[in-house]
Number of protein chains: 2
Amino acid sequence: MKERMQIIKQYLQENGEAKLVDLEKLFPNISSMTLRRDLKRLEEFGDVVLTKGGAKSISHLSRIKEELYSKRLVENTSEKNLIAKKALEFLEEGRSIFLDSGTTIMYLAQLLEKQKLFITTSAPNIALECVKNPNATINLVGGELSRDNLSLSGINALDFLNNINIDTAFIATSGFTIKNGFTCGNYQEAEIKKKVIAKASKVIVLMDSSKFGKSMPFTFATLDDVHHLITDDNITSEAKNKINLKKQNILM
Amino acid sequence: MKERMQIIKQYLQENGEAKLVDLEKLFPNISSMTLRRDLKRLEEFGDVVLTKGGAKSISHLSRIKEELYSKRLVENTSEKNLIAKKALEFLEEGRSIFLDSGTTIMYLAQLLEKQKLFITTSAPNIALECVKNPNATINLVGGELSRDNLSLSGINALDFLNNINIDTAFIATSGFTIKNGFTCGNYQEAEIKKKVIAKASKVIVLMDSSKFGKSMPFTFATLDDVHHLITDDNITSEAKNKINLKKQNILM
DNA sequence: AATAATTGTGTTAAAAAATAACACCAAGGA
DNA sequence: TCCTTGGTGTTATTTTTTAACACAATTATT
């Protein structure tokens, strides 16, 4: 595929939408006719739907729709995207990984290309995203589906996790404070995360900076339990120092 | 919501797309400006995306995208929709039901409104559709996700099913012949279906007429195992007679 | 009940966007 | 070399969208 179309595709991925006028600014010396033709080709490819004056990413639209029914509203998308990109570095071909539920992890799932991986997850939407990778084996934990965060939990999920091995676990968090550690809003969810962390050889937490300083009811891990923490650079240097005091491997 | 908008919404649901010119034909004495405004309101509602000259249903788009990655291509959509509508009659508020994987069942899931239901399913995409119903409890079987039909299977899925009770099971099939009964293309999937059928008090098979006369490798049920068979009226009367010879409760 | 505010609707003119048709150029193959 | 192919830019034309206004019909307010 042409480089220009790759850039447009990425733009679509990140912004959800691309207006023709935006693209014209992005490529000042390309005619609008050509950009229009590019969008048309992307549509034939299947990832995009043409709208008046531009195009929208279908996966983005589905995500919006999901959010309509689950509670949350996704914010800090570009930060989350960056965090996900950093997390990619911890992926090794042929490994068994766990993907937690959550929008940041969804971005990570979308970045997975054709790596041979054994993926276990507690989020059906993430499983469906991963299945697009033809070389991945996808396992989904069973259980009750929570409307809040679209994640599965319950005794069956825990049973499932008992029977598998995990090299690297990518975990999302709803809150973090030095005092309470990593926290989430749901007891069942905390149970799952705890179990995953206990079983994984390497634990990587993905957290955008807005979560810092917030505490949710249930703690599922402390700083000592995780091997890497990936966040964005909107985190205050004070916070950064506090964490680094205890731990060197914070990434941003 | 206005009746006209309801009709448009249904049109969108069934056709995936509505061009303005189509709507103008559908409502000959409504101005195109008004229809345009209707589509705009539907967009704000979140279910559709406006395109050049009309609108497209987002869930339809996501389905198309799913098909791009799983193998199948959905055919006979209007038949499947009709079958799903007939299946609705077998739903009773407050019951425990099982939803199989498959596109016909997906149509059924989309028709579920606000009934209080306890839903178990082996298909993550169907689980995500059902979660939009605020009164349903959704349970998803665990296991490995098949790329072919987006369904979960394996020992964990069977375990899960062992521990739940099912009033009514809605099952899809890939093929049916008098000789071989109901068949599907995957051993693991057949195991799941068998288990569900064994546990359910009432078994309803949804099958569009194109499946009749086709045999797949694995039989998961015979006519005697199922209580109702719902199909469309493209089925030959010969086939109909053959089935009715054995069974009275065929619906079409 | 009378009045006012709101909402939906249709009509028109203007603006914006999409398309079709054609010419051009570069790369690759016969 | 010449021919084909695929991508590109330009222009004119058509289609689609928007904005503005006028007019009911409905609902709320006095």
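None of the values given here were measured: they were computed from a predicted structure.

A. Region of interest: the sheet that holds strand β2 (residues 48-51) of chain A. Residues and elements named next belong to chain A. Overall, antiparallel pairing links the 3 strands, which are arranged β1-β3-β2 in an open sheet. Two strands bound the open sheet, and with one partner strand each, they are β1 (17-19) and β2. Strand-to-strand twist across the sheet, computed as the mean angle between neighbouring axes with direction ignored, equals 20°. Of the pairings in the sheet, the one linking β2 to strand β3 (residues 54-57) comprises 4 bridges and is antiparallel in character. Bridge pairing links L50 to A55 in β3. Running over the sheet, helix α1 (residues 3-15) touches β1, β2 and β3 and is turned about 120° from β1. Set on the sheet, helix α4 (residues 58-69) makes contact with β2 and β3; between it and β3 the angle comes to about 60°.

B. Spatial organisation of the relation of the copies chain A and chain B. Rotating chain A by 180° and moving it 0.0 Å along the rotation axis overlays it on chain B with an RMSD of 0.0 Å. Those values place the two copies in the arrangement expected of a two-fold rotation axis. When the interface residues of chain A are mapped onto chain B, 100% of them again lie at the interface, so the same face is used by both copies.

C. Just the interface of chain A and chain B, in detail. With 40 residues of chain A at the contact, the number on the chain B side is 40 residues. Counting the surface lost from both chain A and chain B, the interface buries some 3,300 Å², and carbon and sulfur atoms represent 62% of this. There are 4 salt bridges connecting chain A and chain B. Note that D47(A) and K65(B) form a salt bridge whose closest N and O atoms lie 3.9 Å from each other.

D. Layout of the side chain of E66(A). The residue E66(A) is located in helix α4 in this model. A distance of 3.2 Å separates polar atoms of two side chains, one belonging to E66(A) and the other to N125(A). Here E66(A) is in contact with R72(A), N125(A), L150(A) and L128(B), once residues within four sequence places are set aside.

E. Quick look at the pattern of salt bridges. All names here are of chain A. As enumerated under the stated definition, the model contains 26 salt bridges over all chains in all. Here D38 makes a salt bridge to R4, at a shortest N to O gap of 2.5 Å. Here R4 lies in helix α1 and D38 lies in helix α3 (residues 32-45), a separation of 34 residues in the sequence. Pair check on accessibility: D38 and R4 agree, each one buried. A single network of salt bridges, built from pairs that share partners, joins R4, D38 and R41.

F. Just the protein's contact with DNA strand C, in detail. Around DNA strand C, 17 residues are found, and the nearest of them are R36(A), G53(A), R4(B), T34(B) and R37(B). Within 4 Å of the protein, the contacting atoms of DNA strand C are drawn from sugar and phosphate to the extent of 64%. T34(B) is positioned such that a nitrogen or oxygen atom in its side chain is 2.5 Å from a phosphate oxygen of DNA strand C. Of all elements in the fold, only α3 of chain A together with α3 (32-45) of chain B reach the threshold of two or more residues within the surface near DNA strand C. Take the surface near DNA strand C: its biggest share by element is 4 residues, from α3(B).

G. Geometry of the side chain of E129(A). Structurally, E129(A) is set in helix α7 (residues 124-130). In this structure E129(A) touches M106(A), A109(A) and Q110(A), once residues within four positions along its chain are discounted.

H. The arrangement of the domain arrangement of chain A in detail. Residues and elements named next belong to chain A. Along its sequence, chain A is carved into domain 1 (3-63) and domain 2 (75-251). Computed from C-alpha coordinates alone, the two centres of domain 1 and domain 2 are separated by 31 Å. With 5 residues of domain 1 at the interface, the matching set in domain 2 holds 5 residues. The interface formed by domain 1 and domain 2 includes 1 salt bridge. Residue E14 is joined to K85 by a salt bridge in which the shortest nitrogen-to-oxygen separation is 3.2 Å. Elements that contribute at least two residues to the side of domain 1 that touches domain 2 include exactly α1 and α4. Here the side of domain 1 that touches domain 2 is composed, by residue class, of no nonpolar, 3 polar and 2 charged.

I. Representation of the protein's contact with DNA strand D. Residues in contact with DNA strand D amount to 17 residues; listed here are only the nearest, R4(A), T34(A), R37(A), R36(B) and G53(B). The protein-proximal atoms of DNA strand D, defined as those within 4 Å of the protein, are 67% sugar or phosphate. R4(A) is positioned with one of its side-chain polar atoms (N or O) 2.9 Å from a phosphate oxygen of DNA strand D. Put simply, the parts of the chain that give the surface near DNA strand D at least two residues each are α3 of chain A together with α3 of chain B. Among the elements that line the surface near DNA strand D, the one with the most residues is α3(A), at 4 residues. Of the residues in the surface near DNA strand D, the class split is 4 nonpolar, 5 polar and 8 charged.

J. Up close: the packing of α4(A) against helix α4 (residues 58-69) of chain B. Relative to each other, α4(A) and α4(B) sit at 130°, their axes nearing to 10 Å. For the element pair α4(A) / α4(B), the angle class is oblique. As α4(A) runs across α4(B), the sense of the crossing is left-handed. Between α4(A) and α4(B), the contacting residues are I58(A), S59(A), L61(A), S62(A) and K65(A) on the first element and I58(B), S59(B), L61(B), S62(B) and K65(B) on the second. When its residues are assigned to classes, the contact of α4(A) with α4(B) shows 4 nonpolar, 4 polar and 2 charged.

Rules used in this analysis
In this numbering scheme, every chain counts its residues from 1 along its sequence in written order. To label them, take the chains in the order written and letter them from A, then take the ligands in the order written and number them from 1. Reporting in this predicted model follows two pLDDT cut-offs: at least 70 for local features of residues, and 80 or more for side-chain atom pairs to be given and counted; totals over whole chains, interfaces and linings ignore these cut-offs and use all residues. In computing side-chain values, all of the structure's heavy atoms are included and hydrogens and water are not. Any two strands are treated as partners once DSSP identifies two or more bridges connecting them. Comment: elements are numbered from the N terminus, with helices defined as DSSP H or I runs of at least four residues and strands as E runs of at least two. Every angle, taken between N-to-C directions, lies between 0 and 180 degrees, and every axis is a line fitted to C-alpha atoms, over only the stretch in contact when it is a helix. Working rule for contacts: check all heavy atoms of both residues, and any pair within 4.5 Å makes them a contact. The copies are overlaid by a least-squares fit using only the C-alpha atoms of residues whose pLDDT is at least 70 in both copies. What counts as buried area is the accessible surface, traced by a 1.4 Å probe, that two parts surrender upon association, with contributions from both included. In the sections that follow, a salt bridge refers to a side-chain nitrogen of Lys or Arg positioned within 4 Å of a carboxyl oxygen of Asp or Glu. Any pair of nitrogen or oxygen atoms within 3.5 Å is treated as a polar contact; in protein, a donor-acceptor pairing is required on top of that, and neighbouring residues in sequence qualify only through side-chain atoms on both sides. Only protein chains enter the area calculation, which uses a 1.4 Å probe; residues under 20% of their type maximum are buried, those over 50% are exposed, and those in between are partly exposed. Any residue with at least one heavy atom within 4 Å of a molecule or strand is counted as near it. Marked domain ranges trace back to an automatic or database domain assignment. Residues are grouped as follows: nonpolar covers Ala, Val, Leu, Ile, Met, Phe, Trp, Tyr, Cys and Pro; charged covers Asp, Glu, Lys and Arg; every other residue, Gly included, is treated as polar. Put simply, angles under 35 degrees are roughly parallel, angles over 145 are roughly antiparallel, angles from 65 to 115 are roughly perpendicular, and the rest are oblique. Less than a right angle of anticlockwise turn of the near helix away from the far helix marks a crossing as left-handed, whereas a clockwise turn marks it as right-handed.

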